[in-house]
There are 2 protein chains.
Amino acid sequence: MMTQPLFNRMALIGVGLIGSSIARAARAQGVVRSIVATARSGPTRARVAELGIADRVVDTNAAAVDGADLVILCIPVGQCGAVAAEIAPRLAPGAIISDVGSVKAAVVKDVAPHLPGHVHFVPAHPVAGTENSGPDAGFPELFIDRWCILTPPEGTDPAATDKLATFWSAIGANVETMTPEHHDLVLAITSHLPHLIAYTIVGTADELGQVTRSEVLKFSAGGFRDFTRIAASDPTMWRDIFLANRDAVLEMLGTFGEDLSKLTRAIRRGDGDTLFDLFTRTRAIRRGIVQIGQDSDAPDFGRPHQKKMPPLPRPYMADGE
Amino acid sequence: MMTQPLFNRMALIGVGLIGSSIARAARAQGVVRSIVATARSGPTRARVAELGIADRVVDTNAAAVDGADLVILCIPVGQCGAVAAEIAPRLAPGAIISDVGSVKAAVVKDVAPHLPGHVHFVPAHPVAGTENSGPDAGFPELFIDRWCILTPPEGTDPAATDKLATFWSAIGANVETMTPEHHDLVLAITSHLPHLIAYTIVGTADELGQVTRSEVLKFSAGGFRDFTRIAASDPTMWRDIFLANRDAVLEMLGTFGEDLSKLTRAIRRGDGDTLFDLFTRTRAIRRGIVQIGQDSDAPDFGRPHQKKMPPLPRPYMADGE
């Protein structure tokens, strides 16, 4: 039986953590015949060429999309509108245009008006990543068992949505479809608010008068270090997310603030029962996440623990003996 | 050269994650001649006996401390005062009494008044742990390269503090000494506030009307899942910590709240520069923690990534070809 790649030519605009992971995964699975990539910065383009993860690296967005039947914008959401305007005249008829942005309503609003009627726009958001950025940070397994959310605007050809879903499935993701607005609410609580809070507390800890930065670092294993991972995420990407998903983030912030006030009051009043009840309930959420394979069940996220005990100071002198 | 254990008999009151890790580590390093353990619940005592991590398991706290030259309370901080009162009459002259509580001023206040003049009280806090609880959760390497903070009250015999420091060093920890009050401030920001915020946001996510629990779990890889680990910590232990370190936690909560308000305002006003500046600064903190070995530099905390790509749906039919 003859088989052929799902897409003939995939154009990646932007080759950071996500773009370079898509390139590696798509090639590993043979789902595209060729990959053309571009990036805004010269050094990034040079590095992508050096890594050999694309068949061709070109200098401009317009050149990248030439003849591509799949175009994926892998850039901060704040740049999507301008790039769409730039590539629109060069898009091939029938091409699928997609993105990987963490906000969807704003991307639809910024991108859709620029696109010609002869292409299919299927916005996407793979909910996967690490705290690292740049073309070297990517790896082909990044999307395995993670979810990719598609948010096709009303009127999108279902065949185009299906084809993009097949692409994401082929590189390991589970695919779900929802409206851009619902996506933005869901991600506001599962991703944007957690990042905002992590950035805040890491900033708070760094500015305290009474506790030194050295103390914060040394004793971070008490819990703080868990927050620092996502607070090390790419600043440009995250600035754009908060600006683009403002309303949903502010709404979730409001609810979080009310809940934090309740807990604060419980602490002030010495109301242990309220604390205990919440702390018991939250354990179940963790179990749920582990059960559906969205996190490791190894303690401490499976962080490596050093196994080598220190040499003993000998001889011991036990006093009083 | 003859060597002998640092302590003749170590009594552990409470054998959860920390107590059982101390037992395993102390035995692995040969720093105590024998270990006597007890726990409040019968099933826990039976399990400890089954695991064989203590030389003897006894039914009462008083029996446990009989003849021990090192006694460590490994129980929630809210129980330390009552246990101190119970064991005080049975403590051997010259014994070192310690604990592992995450709050120190309250423990000193609760425990010290009960202890006879012929013992040494050296409170301790190993800043190490996982989200798991109970005797099965412990492992001997838990304290390697982690910090153990000693907070001897004024007037404590320096030789007793030194001896306990040697004990913790021998099982892998770095040791630092500070006042109970300063400890409580430092831990309020590096541990207690992070836990409180994690518990809050996990609770918030679980109660939203617009987003289902199933969606929260599925899309948790966007950041939320990082918070669920510490929000799965032992509820009794953490209730006690917030009640016992109320003032320092409320102070840190106040500062965090102010910082969160500033960021909220920046989002509302579309002030991207303020966001970008903070997000850049917080990256440096993460680097600092990794550099001093308090966290892994592997992306995603070194969480295991599945490596097996899915089988491809074949044959692909590329449309339009």
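No experiment lies behind these values; they were computed from the predicted model shown.

S.K.: Which parts of the structure should I look at to understand the interface of chain A and chain B?
M.R.: Taken together, the contacts link 139 residues of chain A with 139 residues of chain B. Each partner contributes to the roughly 13100 Å² buried at the junction of chain A and chain B, and carbon and sulfur atoms together form 66% of this total. Our count for the chain A to chain B interface comes out at 16 salt bridges. Between Asp295(B) and Arg225(A) there is a salt bridge; the shortest N-O distance is 3.9 Å. In this assembly, chain A and chain B are joined by 36 residue pairs in polar contact (both at pLDDT 80 or more). Counting residues per element, the side of chain A that touches chain B draws most heavily on helix 7 (residues 180-206) of chain A, which supplies 20 residues. Its residues assigned to classes, the side of chain A that touches chain B shows 69 nonpolar, 37 polar and 33 charged.

S.K.: Got a minute to help me understand the relation of the copies chain A and chain B in this structure?
M.R.: Each of the two chain copies can be generated from the other by rotation about an axis followed by a shift along it. Aligned on chain B, chain A shows an RMSD of 0.0 Å; the corresponding rotation is 180 degrees and the shift along the axis is 0.0 Å. Expressed as a symmetry operation, the mapping of one chain copy onto the other fits a two-fold axis.

S.K.: Sorry, what's going on with the domain arrangement of chain A here?
M.R.: Residue and element names in this part refer to chain A. Here chain A is described as being made up of domain 1 (8-178) and domain 2 (183-295). Measuring from the centre of the C-alpha atoms in domain 1 to the corresponding centre in domain 2 gives 30 Å. Contacts between the two partners involve 20 residues from domain 1 and, on the opposite side, 17 residues from domain 2. Both faces combined, the contact of domain 1 with domain 2 buries some 1400 Å², and carbon together with sulfur accounts for 60% of it.

S.K.: Honestly, the packing of helix 7 of chain A against helix 11 (residues 246-269) of chain A in this entry has me stumped. Any pointers?
M.R.: Residues and elements named next belong to chain A. Their axes nearest at 9 Å, the elements helix 7 and helix 11 cross at an angle of 65 degrees. One finds that helix 7 runs roughly perpendicular with respect to helix 11. Here helix 7 runs over helix 11; the crossing is right-handed. Mapping the contact onto sequence places Asp 184, Leu 185, Ala 188, Ile 189, His 192, Leu 193, Leu 196 and Ile 197 in helix 7 and Ala 248, Val 249, Glu 251, Met 252, Leu 253 and Phe 256 in helix 11. Considering only residue class, the contact of helix 7 with helix 11 consists of 11 nonpolar, one polar and two charged.

S.K.: How should I be thinking about the pairing of strand 8 (residues 147-150) of chain B in this particular structure?
M.R.: The side chains of a regular strand alternate between both faces of the sheet. Residue and element names in this part refer to chain B. Both faces of strand 8 are covered, namely the face carrying Trp 147 and Ile 149 and the face carrying Cys 148 and Leu 150. Relative to strand 8, strand 7 (residues 124-127) is paired through four bridges, and the arrangement is antiparallel. Considered in strand 8, the bridge of Val 127 is made with Trp 147. Note on the crossover from strand 8 through helix 6 (residues 158-170) to strand 9 (residues 174-177): the handedness is right-handed.

S.K.: For this particular structure, what's the right way to read the nonpolar core?
M.R.: Note that soluble globular proteins tend to have their nonpolar side chains buried in a common cluster. In terms of nonpolar packing, the biggest core is built from 91 residues, with Phe227(A) and Phe227(B) touching the most fellow members. Every residue in contact with Phe227(B), bar those within four places of it in the chain, is listed here: Pro194(A), Ile197(A), Ala198(A), Phe227(A), Ile230(A), Ile197(B), Ala198(B), Ile201(B) and Val202(B).

S.K.: Can you help me understand the sheet that holds strand 9 of chain B in this one?
M.R.: In sheet architecture, strand pairing relies on hydrogen bonds along the backbone and comes in two forms, parallel and antiparallel. Residue and element names in this part refer to chain B. One open sheet accounts for three strands, arranged 7-8-9; its pairing is mixed. Each end of this open sheet is capped by a strand with a single partner; those strands are strand 7 and strand 9. With strand direction ignored, the average angle separating the axes of adjacent strands in the sheet is 20 degrees. Contacting strand 7, strand 8 and strand 9, helix 6 runs over the sheet at an angle of about 165 degrees to strand 8.

What counts, and at which threshold
Residues numbered from 1 in each chain as written. Chains lettered and ligands numbered in written order. Predicted model: local features only at pLDDT ≥ 70, side-chain atom pairs only at ≥ 80, totals over all residues. Heavy atoms only, no water. Contact = heavy atoms within 4.5 Å. Buried area = accessible area lost by both parts, 1.4 Å probe. Salt bridge = Lys/Arg side-chain N within 4 Å of Asp/Glu carboxyl O. Polar contact = N/O pair within 3.5 Å; in protein donor to acceptor, adjacent residues only side chain to side chain. Helix = DSSP H or I, 4+ residues; strand = E, 2+ residues; numbered from the N terminus. Nonpolar A, V, L, I, M, F, W, Y, C, P; charged D, E, K, R; others polar. Least-squares fit on C-alpha atoms with pLDDT ≥ 70 in both. Domains from an automatic or database assignment. Axes fitted to C-alpha atoms, helices over the stretch in contact; angles between N-to-C directions. Parallel < 35°, antiparallel > 145°, perpendicular 65-115°, else oblique. Left-handed = near helix turned anticlockwise from the far one by under 90°. Buried < 20%, exposed > 50% of the residue type's maximum accessible area, 1.4 Å probe, protein only. Pairing = 2+ DSSP bridges. Right-handed = clockwise from strand over helix to strand, strands pointing away. Core = buried A, V, L, I, M, F, W, Y, C linked by side-chain atoms within 4.5 Å.

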